[in-house]
Amino acid sequence: MMESLELSRVLLLTSSSSLSLTPSTTKAIRQLGFRCLVKKSNKNANLRLTRSFSGHTRSGAVPASSQGEDEMALLLAREIDEFGSIVGFNLIPGSGNIAEEDATSNKVEVPEAGIVKKEKVQARVSYSIVFVTAEAAPYSKTGGLGDVCGSLPIALAARGHRVMVVSPMYIHGTPEDKKFSGAVNLDRRIKVYCFGAVQEVGFFHEFREGVDWVFVDHPSFHRPGNLYGDKFGSFGDNQFRFTLLSYAACEAPLVLPLGGFTYGDKCLFLVNDWHASLVPILLAAKYRPHGVYKDARSILVIHNIAHQGVEPAITYSNLGLPPEWYGALEWVFPNWARMHALDTGEAVNFLKGAIVTVDRILTVSKGYSWEITTSEGGYGLHELLSSRKSVLNGITNGIDENEWDPSTDKHIAYNYSADDLSGKVKCKISLQKELGLAVRPECPVIGFIGRLDYQKGIDLIRMAIPEIMENDVQFVMLGSGNPEFEDWMRATESTYRDKFRGWVGFNVPVSHKITAGCDILLMPSTFEPCGLNQLYAMRYGTVPVVHETGGLRDTVQNFNPYAEGTNGEGDGTGWTFSPLTKESMLVALGYAIRTYNEYKSSWKGLMKRGMAKDYTWVNAATQYEQVIEWAFMDPPYC
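Attention here is on the structure that accompanies the text. (Residues numbered from 1 in each chain as written. Predicted model: local features only at pLDDT ≥ 70, side-chain atom pairs only at ≥ 80, totals over all residues. Heavy atoms only, no water.)

This part is about the packing of helix α15 (residues 582-598) against helix α16 (residues 600-612). In contact at an axis separation of 6 Å, α15 and α16 are set at 115° when each is read in the N-to-C sense. As α15 runs across α16, the sense of the crossing is left-handed. Here Ala592, Thr595, Tyr596, Asn597 and Glu598 of α15 come into contact with α16, specifically with Lys600, Ser602, Trp603 and Leu606. Here the residues of the contact of α15 with α16 sort into four nonpolar, three polar and two charged. (Axes fitted to C-alpha atoms, helices over the stretch in contact; angles between N-to-C directions. Helix = DSSP H or I, 4+ residues; strand = E, 2+ residues; numbered from the N terminus. Left-handed = near helix turned anticlockwise from the far one by under 90°. Contact = heavy atoms within 4.5 Å. Nonpolar A, V, L, I, M, F, W, Y, C, P; charged D, E, K, R; others polar.)

Structure follows, in structure tokens:
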């Protein structure tokens with residue numbers, strides 16, 4: 001939704017390509033309560049209209065037809081998202097009479113999924129972008145964070161941006177370490193003072209698919225286990241490890257001559273989750289006071305707000321930050337959350353520090369950007385995030401169309417497409433044979449892929465399995481996590497030998513086979529910032545049944561069999577349910593099973609509409625560009 005505000009009829013009175021902003025105009029802007037929207041570019045305070053903030057190229061010169069008596073006014077258009085938050089501003093030419101303006105002319109086109117064409121196009125403005133992340137596929141990955149930071153940089157680089165990804169060089173002493181075999185030691189080492197000593201950090205580099213992949217090398221990243229811990233739990237020095245990552249990321253654009261020259265200090269830092277949240281604080285506290293990174297900007301991407309990087313307050317002295325910046329990271333737990341009567345609840349919170357210092361904040365779906373401003377979804381940070389709601393947006397993650405495409409997927413038994421679905425049932429038969437289930441093409445197969453923990457709703461599935469198994473269905477699960485749920489999955493397979501299969505662990509080819517071979521994908525997640533499995537499912541013609549939360553609500557449209565103009569196939573791409581109860585889930589699942597069994601034409605419509613959705617990274621990259629452009633409109637927030 002867009003609302004337009006006329007700025008005191010700021011007229012284009014000259015025939016030059018500049019717009020002179022009078023003091024009264026600047027004052028009018030400030031009275032709106034926004035920080036310095038118009039910056040002086042020279043002594044005459046001229047703003048040259050060389051490009052439009054709305055995404056449409058316009059000439060800076062005043063058209064001859066607009067001079068004289070029909071001079072055009074300049075409108076400052078506020079862009080407001082569906083939650084009522086101001087997300088940006090546009091300078092657009094108008095007639096000076098708002099009532100006469102076409103309502104559609106004031107809209108900024110922020111591309112939504114399914115709108116942007118697939119062909120690669122050059123970005124209007126090129127930026128130097130530095131991703132800072134704890135994981136980036138295929139080098140390191142535990143979940144969606146690795147997928148995003150492994151795919152989005154490539155999509156942005158393809159649009160003409162210079163992109164660097166800075167992540168740790170994890171060495172586990174396993175065959176998987178060969179993922180770093182293409183990385184070359186840059187022989188550039190930096191010294192960082194933190195944790196009471198001077199730490200030395202090195203860099204490795206690989207240029208792949210137009211992206212500079214930079215790996216931070218330090219002994220703390222060389223150990224058995226996974227990225228964040230081992231079988232005994234999280235590593236006790238994670239604060240130290242990711243403090244080093246943040247320092248190294250701030251130095252990399254200055255000291256690494258990638259491709260012959262450095263990125264320099266006019267770049268955009270895209271920091272992901274708490275692991276990289278120290279970056280904007282370092283920019284504000286240690287670099288800008290010395291004139292470095294004064295033209296840089298930073299954007300925080302929140303993938304999962306449940307993880308915030310909270311440590312005892314005494315550890316602040318280890319971070320190498322000036323004492324006066326303690327307030328940025330200060331965090332005090334409420335009384336009920338304290339360990340004992342003498343516990344003051346004082347702590348430092350990395351994610352909180354980033355929220356109060358970055359220029360803009362992003363989440364991985366629009367729904368999640370709203371949820372984190374609520375007491376239920378904000379995990380204690382909701383009030384702070386609400387105070388910065390004007391710079392908070394959500395962009396739905398994309399999927400790798402090269403890896404997830406049923407027409408070319410090498411992991412599945414038969415390839416198929418929306419135009420030829422014959423391979424879909426063949427994949428189902430192949431899955432049934434491989435898992436030892438009865439080969440019954442007519443029987444609906446329900447699938448689940450994900451971590452076995454409470455966030456993914458496994459407890460709900462466990463309670464509902466006896467009732468689900470009363471239907472003529474087959475159920476397939478793939479995942480690992482909570483040992484209790486792993487044991488339950490094995491026991492359930494023994495109980496329902498003819499109808500249930502549980503694969504404990506995670507296997508990429510099997511996940512593709514389940515996605516292609518199932519008819520229904522069940523995702524009863526308690527919360528889901530974005531979710532990728534439902535996107536994969538729809539691309540493969542598998543109909544999702546999901547809890548109405550976060551990115552699941554944004555991406556799955558509830559089936560409406562009575563929608564008009566759809567050739568009797570209805571409308572929607574799946575089923576959503578709320579509240580998060582067993583009964584609600586069973587009702588939605590019952591609708592899906594009945595539709596599959598009794599309304600074949602409607603089911604075919606569901607499959608095809610899901611497969612037609614375009615959730616590729618091209619769409620997401622275009623929206624990221626718009627937010628980056630907004631970040632550079634204002635001076636640095638801190």
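Let's pick the thread back up.
Here helix α9 (residues 422-435) is 14 residues long and its end C-alpha atoms lie 21 Å apart, about the 20 Å a rise of 1.5 Å per residue gives. Buried residues of α9: Gly423, Lys424, Cys427, Lys428, Leu431, Gln432 and Leu435, and no others. Looking at the packing, one finds that the buried side of α9 touches β20 (445-449), β21 (474-479), β22 (500-504), α12 (508-517), α15 and α16. (Expected span 1.5 Å × (residues − 1). Buried < 20%, exposed > 50% of the residue type's maximum accessible area, 1.4 Å probe, protein only.)

The mixed open sheet is built from nine strands, whose spatial order is β8-β9-β10-β7-β6-β13-β14-β18-β19. Unpaired on one side and paired on the other, β8 (184-194) and β19 (392-394) mark the two borders of the sheet. With direction set aside, neighbouring strand axes in the sheet form an average angle of 25°. Strand direction decides the pairing type here: strand β9 (residues 197-208) and strand β10 (residues 211-217), joined by seven bridges, are antiparallel. Within β10, the position partnered with Phe203 by the bridge is Val216. Along the sheet, helix α3 (residues 238-255) makes contact with β6 (128-132), β7 (162-168), β8, β9, β10 and β13 (268-272), crossing β8 at roughly 120°. (Pairing = 2+ DSSP bridges.)

In this section: the pairing of strand β14 (residues 297-302). In terms of burial, β14 is largely enclosed, as six of its six residues are buried. Burial of the side chains of β14 extends over both faces: Arg297, Ile299 and Val301 are buried on one face and Ser298, Leu300 and Ile302 on the other. Both β13 and β14 contribute to a ladder of five bridges, which runs parallel. Bridge pairing in β14 links Asn272 to Val301. As judged from the four bridges shared by β14 and strand β18 (residues 360-363), these two strands associate in the parallel manner. Its bridge partner lying in β18, Val301 is registered against Leu362.

Next up on the list: the packing of aromatic side chains. By the definition in use, this model includes 23 aromatic pairs. Between Tyr170 and Phe221, the aromatic rings sit 5.9 Å apart at their centres with planes inclined by 85°, giving edge-to-face as the arrangement. With Tyr170 in the loop between β7 and β8 and Phe221 in the loop between β10 and β11 (229-230), this pair connects stretches of sequence that are 51 residues apart. Phe221 matches Tyr170 in its accessibility class, with the two residues each being buried. Consider the rings of Trp331 and Phe333, whose centres lie 6.4 Å apart with planes at 90°: the pair is edge-to-face. For Trp331, a relative accessible area of 14% gives the class buried. The ring of Tyr637 has Arg388 lying over it, and the distance from NZ or CZ to the ring centre is 3.7 Å. The ring of Tyr596 carries Lys600 above its face, with NZ or CZ at 3.9 Å from the centroid. (Phe/Tyr/Trp six-rings, centres within 6.5 Å; stacked < 30°, edge-to-face > 60°. Lys NZ or Arg CZ within 6 Å of the ring centre and 35° of its normal.)

So, about the environment of Tyr416. Within the secondary structure, Tyr416 sits in the loop between β19 and α9. For Tyr416, a relative accessible area of 3% translates into the label buried. Sequence separation between Tyr416 and Ala516 is 100 residues, and the spatial gap between their C-alpha atoms is 9.5 Å. In this view, Tyr416 contacts Pro406, Ser407, Leu421, Gly423, Lys424, Cys427, Ala516, Tyr540 and Met611; residues no more than four positions away in its chain are not counted.

As a further point, take the pattern of salt bridges. Enumeration over the complete set of coordinates arrives at 17 salt bridges. For Glu598, the salt bridge goes to Arg594, with nearest N and O atoms at 3.2 Å. Taken together, the residues Glu598 and Arg594, both in helix α15 and four residues apart, mark about one turn of the helix. Look at the salt bridges and you will find they share partners, linking Arg440, Glu442 and Asp472 into a network. (Salt bridge = Lys/Arg side-chain N within 4 Å of Asp/Glu carboxyl O.)

Another aspect to go through is the sheet that holds strand β15 (residues 310-312). With respect to topology, three strands assemble into an open sheet ordered β15-β17-β16, the strand pairing being antiparallel. Since the sheet does not close on itself, it has two edges, and those belong to β15 and β16 (330-332), each with one partner. When the angles between neighbouring strand axes are averaged without regard to direction, this sheet yields 45°. Across three bridges, the pairing between β15 and strand β17 (residues 346-349) is antiparallel. Bridging across to β17, Glu311 finds its partner in Val348.

Here Val546 shows up in strand β24 (residues 543-547). Judged by relative accessible area, which is 0%, Val546 ranks as buried. Taking the C-alpha atoms as reference points, Val546 and Met585, separated by 39 residues in sequence, lie 8.2 Å from one another. Contact partners of Val546, with chain neighbours within four places excluded, come to Met523, Gln534, Leu552, Val556, Trp575, Thr576 and Phe577.

What follows deals with the environment of Asn415. With respect to the helices and strands, the residue Asn415 is situated in the loop between β19 and α9. If near-sequence neighbours (up to four positions away) are discounted, Asn415 is found in contact with Pro406, Ser407, Thr408, Asp409 and Gly423. There is a polar contact of 3.0 Å between the side chain of Asn415 and the backbone oxygen of Pro406. A distance of 2.9 Å separates the side chain of Asn415 from the backbone oxygen of Asp409, its partner in a polar contact. (Polar contact = N/O pair within 3.5 Å; in protein donor to acceptor, adjacent residues only side chain to side chain.)

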